[in-house]
Amino acid sequence: MENWRLAVLCSHLRPTPASKSWSPVSSSICGSSSRNGETSSCVFCEIIRGQAPALKIYEDDICLCILDTHPLSHGHSLIIPKSHFSSLEATPPPVVAAMCSKVPFISNAIMKATGCDSFNLLVNNGAAAGQVIFHTHIHIIPRKARDCLWTSEPAKTDLKAGPRSFAARRPCQGTALVLEQP
């Protein structure tokens, strides 16, 4: 089963001419309700219901993992619950546990498929933290040594200089790898 999922992930990361089209994920009940009871627009809820396109990496009864449409690196993925929760603190602990329990399996598959040796696990919780889509989600961002994804990382030449203060570090001059479809 793991080899099959890895093959699916690899096919999404390196699409062949036959796999250029987006495939919707399976339908599930997910809605985000406003205070007056009307369903508001949530792109993740639309993806879960099969009403919006996404490249699915993993799915079970509780959560779904998709490739990010605006990746910071090749293979950047999102784990989202199939039920709508606007923030991490609004998400029930069993749902958070189910999402987190998939991280080792999914991240290992992503690292194998991308050739990366590390990853960042990130949650932007709330507007001040950079949350843009108010449906709980976890980012898995594949990394390679000295990829200079974050500007707070030392530039390649700074690595030989040894430990220095955060303020003394030069911002990276490199750019993140972007997932491109041929």
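Scoring rules and cut-offs
- Residues numbered from 1 in each chain as written.
- Predicted model: local features only at pLDDT ≥ 70, side-chain atom pairs only at ≥ 80, totals over all residues.
- Heavy atoms only, no water.
- Core = buried A, V, L, I, M, F, W, Y, C linked by side-chain atoms within 4.5 Å.
- Buried < 20%, exposed > 50% of the residue type's maximum accessible area, 1.4 Å probe, protein only.
- Helix = DSSP H or I, 4+ residues; strand = E, 2+ residues; numbered from the N terminus.
- Arc of directions from axis to C-beta.
- Contact = heavy atoms within 4.5 Å.
- Pairing = 2+ DSSP bridges.
- Axes fitted to C-alpha atoms, helices over the stretch in contact; angles between N-to-C directions.
- pLDDT = per-residue confidence, 0-100.

> Teacher, can you tell me more about the nonpolar core here?
Of all hydrophobic cores here, the largest spans 15 residues; its most connected members are Tyr 58, Cys 63, Cys 65, Ile 79, Met 99, Ile 106 and Ile 140. Residue assignment for this core shows that the elements contributing at least two residues are strand 3 (56–59), strand 4 (63–67), helix 3 (93–101), helix 4 (103–114) and strand 7 (138–143). Membership of the second largest hydrophobic core comes to 11 residues, among which are Ile 47, Ile 48, Leu 64 and Leu 78.

> How should helix 3 be read in this particular structure?
One turn of an α-helix holds 3.6 residues; hence residues three or four places apart share an orientation. Restricting attention to buried positions, one finds in helix 3 the residues Val 95, Ala 98 and Met 99. Looking down the long axis of helix 3, one finds its buried residues gathered within 100° of arc, a one-sided arrangement. Turned more than 90 degrees off the buried face of helix 3, the exposed positions are Pro 93 and Pro 94. Buried positions along helix 3 lie against strand 4, strand 5 (77–81), helix 4 and strand 7.

> Help me out: how do you make sense of the sheet that holds strand 7 in this one?
The strands making up a sheet are joined through hydrogen bonds of the backbone, oriented either antiparallel or parallel. Spatial ordering of the open sheet is given by 3-4-5-7-6, a layout of five strands whose pairing is antiparallel. With one partner strand each, in any of the chains shown, strand 3 and strand 6 (118–122) form the two edges of the open sheet. Sheet twist, expressed as the average angle between the axes of neighbouring strands with direction ignored, equals 20°. Two elements, strand 6 and strand 7, share five bridges in a ladder whose sense is antiparallel.

> Would you take a moment to explain the confidence of the model for the protein chain for this structure?
The predicted coordinates ought not to be read in detail in places where the model reports low pLDDT. On average, residues of the protein chain score 76 in pLDDT, and 62% of them are at 70 or above. Note on residues 32–39: pLDDT under 50 across the span, and eight contacts to partners over four residues away in sequence or across chains. Residue range residues 162–182 is modelled with pLDDT below 50. Its contacts to residues more than four positions away, or to other chains, number 37 contacts.

> I tried to follow unusual backbone geometry on my own but got confused; where do I start?
Glycine aside, residues mostly have negative phi angles, and peptide bonds mostly take the trans form. Look at Arg 146: it is not a glycine, yet its phi comes out positive at around 60°. Tracing the backbone shows Arg 146 in the segment after strand 7. For Cys 148, which is not glycine, the phi torsion reads 55° and is therefore positive. Locating Cys 148 in the fold gives a position in the segment after strand 7. The class of Cys 148 is buried, set by a relative accessible area of 7%.

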